[in-house]
Amino acid sequence: MGCCFNLLLVSIFFIIQYTTAQSIYRFHLCLGANSSSSTGTGNTFQTNLNHLITSLSSSASNNSITIRNGYYNTTAGQTPDTVYGSFQCRGDVSLDDCKTCVQMGAQDMNTNQRCPSYKQAIIWFNECMFRYSNQYYFSIMQEKPTVYFLSLNNVSNPVEFNQILGDLLRNLVTEALSNSSFATGDKNLTDSTKVYGFVQCSADISSGDCSRCLHRAIAEVPDCCSGKRAGKVITPSCILKFDLDPFFQSTTVSSRPSPRASPPPSTNAQKPNSKGNNSSKLAISIAVPSAILVLVAIAILFFCFWRKKKKAKKFVFVNDEVLTTESLQFNFGTVSTATDNFSEANKLGEGGFGSVYKGTLVDKQEIAVKRLSKNSGQGEQEFKNEVTLVAKLQHRNLVKLVGFSLAGEEKLLIYEYMPNGSLDQILFDSDKCTQLDWERRYRIIGGIARGLVYLHEESRLKIIHRDLKASNILLDKDMNPKIADFGMARLFVLEQTQDSTKRIVGTHGYMAPEYVMYGEYSVKSDVFSFGVLVLEILCGQRNSSFHKSDVARDLLSYAWRHWNNGSDIEILDPTLKDACSRSEVMMCIHVALLCVQENDADRPTMPTVVQMLNNSSVSASHDLPSSPAFFADGTRQITRHPDLNLVRNAEQGSLRNESISEVSTLSVNEISVTELYAR
């Protein structure tokens, strides 16, 4: 029912965003300690809370009370049962609408106790927000928990849209800091399309705190709502929203008449009519949206029950409280049934962490299930915590982790299913490779690059993949690339630190020289792997396929030789030479050779790589690459540090004696690992 509830919340959000019914309840968060486990008397606290709600409601109808920028706070009771409370109205509504929302919201809170037994809560209505706590929070900026709402529909040009949206939101923050902590505006996307934006801070926090809160909320947009038509980020102290359709009202808080001002002259005959008109308008504004919501709720609940949806299979409403371990956990029997008891017929592949199976749930949703080996070294709770963390890493170029399952020593990871399998299965197949024309290959290179930028720079954690390769790039139904196996190091206990390790893990041919020789890794290690992968995509051959050829000893040597000879276009897959953009090919070769330079300091960062791929002038102005790192050129020895235990991927062939010394000590375990660090 959790998935159904989340879907219902999102549907309500987008259906009523144009209505004016101030009493419409949106959602709430129950925070803090349960009253049964905290100091104070539960009954006394609840009594004080009731008084507080009444006081907030009364303030909205009392003209002698100043409601500054739609905000008002008060307290009720004495220690240890003091209740602190406030309301904040949306900045684009009139003072009358603000007061109506507060009064109707207070009535709703008295009727429907949203967080029974909890001493902290935030409750959102259509035009206002209520908050209460047993702890003093006035004038204190709080950015957690964070709540996201997002549209299910994507924009046609996400890169351009995200840039324009970012500019709009930052401009609105500047405006809000000089305009009562609130601003609305729009920016042109095309001649006929605009994106509309809204930002607001709680009126009790300082302008500096407001700026920090809103900028941090903007930083969340790439994680939650990148490329979406509409989205919303809400924290206790600030809120931002954007949409391709206009949604805010023209009347703003700052333009409201002062509540202390004398009311305009009126006759006795006008007052009853005014009240009657307001009552009629209020009744209509409540009745119509409520009827729509009831019908929508019934339809969604019927849909959820009919399809027998399980929890946490699709996430459209995410926040630190809702995306819990429980919401991600699948029943083991359900997953076993979906994979036909992990039958060989459903087996998609096997790697160092375990086997992968295709599964189909009862609602026909297809999944990929990774059945982990039983030596992960993780306890059950630790494993659950790490899965929950990795599941929050979402990007259009990352494979989505949708859940997990535990049963004794069995640990399962459940991913979205990629119908076109892995890149290596198509790229290196003489028949299937024709499906990858130049346009698709160029799009795959760009998608992988953007996924790595997210892992390195934009996600909540700094992530080093450490085993980027063609078999870890999956393709969706439209051949869009998605990076797989990120975050795996958090699920397996390894002997390592942030910048070095005594256990080398990865795939021979993709590993950077400093990683192989000294166990040193960084984001530049992934950059090296990306460069090798780009060259493979360009020529349509594995790096290891040159091992015994007369052309070159490895792919890097082959590409470098042609680059120096001015014949670099010759490395391109023969099936592409008559149907490609020569300038794009040359630029990709340039980028790849920059990425595989031996000195990691000379390699570009992934954001720079994306800039070069998007702008040929940036690539042309970049320094020429130096010679790449050779693993098997027969001219030099790469001596591995004696303390290192190298773990290689057996699928890439055996390591050569002339390339790496002390081969007899190597393990042949296949493994794929990612590193994640808190920012």
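This text goes with the structure placed above it.
In what follows, the accompanying structure is described. Every value quoted in this text rests on a predicted model; they were computed, and no experiment measured them. (Residues numbered from 1 in each chain as written. Predicted model: local features only at pLDDT ≥ 70, side-chain atom pairs only at ≥ 80, totals over all residues. Heavy atoms only, no water.)

### Side note on the overall build of the chain
Right, on to step 1. Scanning the chain for helices and strands turns up 17 helices and 21 strands.
Right, on to step 2. A total of 679 residues make up the chain; the buried ones form 54% of that total.
Right, on to step 3. The contacts of the chain with a sequence gap of at least 6 include a subset with a gap of at least 24, amounting to 70%.
Right, on to step 4. As presented, the chain carries roughly 29200 Å² of accessible surface, and 49% of it is formed by carbon and sulfur atoms. (Helix = DSSP H or I, 4+ residues; strand = E, 2+ residues; numbered from the N terminus. Buried < 20%, exposed > 50% of the residue type's maximum accessible area, 1.4 Å probe, protein only. Contact = heavy atoms within 4.5 Å. Areas by Shrake-Rupley, 256 points an atom, 1.4 Å probe, with all protein chains shown as cover.)

### Considering helix α16 (residues 606-614)
Right, on to step 1. Where α16 is concerned, the buried positions are Met606, Val609, Val610, Met612 and Leu613. Projected down its long axis, α16 shows its buried positions confined to an angular sector of 160°, all on one face. (Arc of directions from axis to C-beta.)

### A word on the packing of helix α11 (residues 438-458) against α16
When two helices pack together, you describe them by how their axes are tilted relative to each other and by the distance separating the axes.
Right, on to step 1. Running from amino to carboxyl end, α11 crosses α16 at an angle of 150°, the nearest separation of the two axes being 8 Å. Considering the angle they form, α11 stands roughly antiparallel to α16. Note on packing geometry: the crossing formed by α11 with α16 is left-handed. Contacts between α11 and α16 involve Tyr442, Ile445, Gly446, Ala449, Arg450, Leu452, Val453, His456 and Glu457 on the former and, on the latter, Met606, Pro607, Val609, Val610 and Leu613.
Right, on to step 2. When grouped by side-chain class, the residues that make up the contact of α11 with α16 number 10 nonpolar, two polar and two charged. (Axes fitted to C-alpha atoms, helices over the stretch in contact; angles between N-to-C directions. Parallel < 35°, antiparallel > 145°, perpendicular 65-115°, else oblique. Left-handed = near helix turned anticlockwise from the far one by under 90°. Nonpolar A, V, L, I, M, F, W, Y, C, P; charged D, E, K, R; others polar.)

### A closer look at the pairing of strand β6 (residues 147-150)
Right, on to step 1. Here β6 shows a buried face lined by Val147 and Phe149 and a second buried face lined by Tyr148 and Leu150.
Right, on to step 2. The pairing of β6 with strand β9 (residues 230-234) spans four bridges and is antiparallel. Pairing of Phe149 across the sheet is with Lys232, part of β9. (Pairing = 2+ DSSP bridges.)

### Some details on the packing of helix α13 (residues 523-539) against helix α15 (residues 582-595)
Right, on to step 1. Their axes nearest at 7 Å, the elements α13 and α15 cross at an angle of 145°. Handedness of the crossing formed by α13 with α15: left-handed. Of α15, the residues touching α13 (which contributes Val527, Phe528, Phe530, Gly531, Val534, Leu535 and Leu538) are Cys588, Ile589, Val591, Ala592 and Cys595.
Right, on to step 2. Split into classes, the residues belonging to the contact of α13 with α15 amount to 11 nonpolar, one polar and no charged.

### Some words on the environment of Leu455
Right, on to step 1. Looking at the element boundaries, Leu455 is found in helix α11.
Right, on to step 2. Between the C-alpha atoms of Leu455 and His395, which are 60 residues apart in sequence, the distance is 9.1 Å.

### Some thoughts on the state of the cysteines
Right, on to step 1. Using the criterion set out here, one finds six disulfides in the structure.
Right, on to step 2. Covalent S-S linkage joins Cys30 and Cys115, the inter-sulfur distance amounting to 2.0 Å. Across the disulfide from Cys30 to Cys115, rotation about the S-S bond amounts to roughly -90°, and the bridge is consequently left-handed. Taken as a pair, Cys30 in strand β1 (residues 25-34) and Cys115 in the loop between α3 (95-111) and β4 (118-125) lie far apart in primary sequence, 85 residues in all.
Right, on to step 3. Exposure remark for Cys30: the relative accessible area of 27% places this residue in the partly exposed category. (Disulfide = S-S within 2.5 Å.)

### As for the environment of Arg216
Right, on to step 1. Positionally, Arg216 belongs in helix α5 (residues 207-225).
Right, on to step 2. According to the relative accessible area criterion, Arg216 is partly exposed, its value standing at 37%.
Right, on to step 3. Residues Arg216 and Glu143 lie 73 residues apart in sequence; the distance between their C-alpha atoms is 8.0 Å.
Right, on to step 4. Look past the residues within four positions of Arg216 in its chain and what remains in contact with it is Met141 and Glu143.
Right, on to step 5. A polar atom in the side chain of Arg216 sits 2.7 Å from the side chain of Glu143. (Polar contact = N/O pair within 3.5 Å; in protein donor to acceptor, adjacent residues only side chain to side chain.)

### Some remarks on the packing of aromatic side chains
Two measures describe an aromatic ring pair: the distance that separates the ring centres and the angle between the ring planes.
Right, on to step 1. If you walk through the whole model with that rule in mind, you get 18 aromatic pairs.
Right, on to step 2. Aromatic pair Tyr84 and Tyr136: ring centres 5.5 Å apart, planes at 85°, arrangement edge-to-face. With a gap of 52 residues between them, Tyr84 in strand β3 (residues 83-89) and Tyr136 in the loop between β5 (128-133) and β6 connect regions that are remote in the sequence.
Right, on to step 3. Centre to centre, the rings of Phe161 and Phe242 are 6.0 Å apart; their planes meet at 55°, and the pair counts as tilted. Of this pair, Phe161 sits in helix α4 (residues 158-177) while Phe242 sits in strand β10 (residues 238-243), placing them 81 residues apart in sequence. (Phe/Tyr/Trp six-rings, centres within 6.5 Å; stacked < 30°, edge-to-face > 60°.)

### Observations concerning the sheet that holds β6
Right, on to step 1. On the basis of which strands lie adjacent, the open sheet formed by five strands has the order β6-β9-β10-β8-β7 and antiparallel pairing. Edge positions in the open sheet fall to β6 and β7 (182-188), since each of these has one partner strand only. Sheet twist, expressed as the mean angle between neighbouring strand axes with direction ignored, is 10°.
Right, on to step 2. Sheet strands touched by α4: β7, β8 (194-201) and β10. Its angle to β7, the strand with the most contacts, is close to 150°.
Right, on to step 3. Sheet strands in contact with α5 are β6, β8, β9 and β10, and its direction is about 45° off that of β10.

### Let's talk about the sheet that holds strand β14 (residues 401-407)
Right, on to step 1. Within the open sheet, the five strands sit side by side as β11-β12-β13-β15-β14. Their pairing is antiparallel. For this open sheet the edge positions go to β11 (347-351) and β14, each flanked by a neighbour on one side alone. On average, each strand axis in the sheet is inclined to that of its neighbour by 25°, with strand direction left out of account.
Right, on to step 2. Of the pairings in the sheet, the one linking strand β13 (residues 366-372) to strand β15 (residues 410-416) comprises five bridges and is antiparallel in character. Within β15, the residue paired with Lys370 across the bridge is Leu413.
Right, on to step 3. Most of the contacts of helix α9 (residues 380-391) go to β14, to which it runs at about 170°, and overall it touches β13, β14 and β15.

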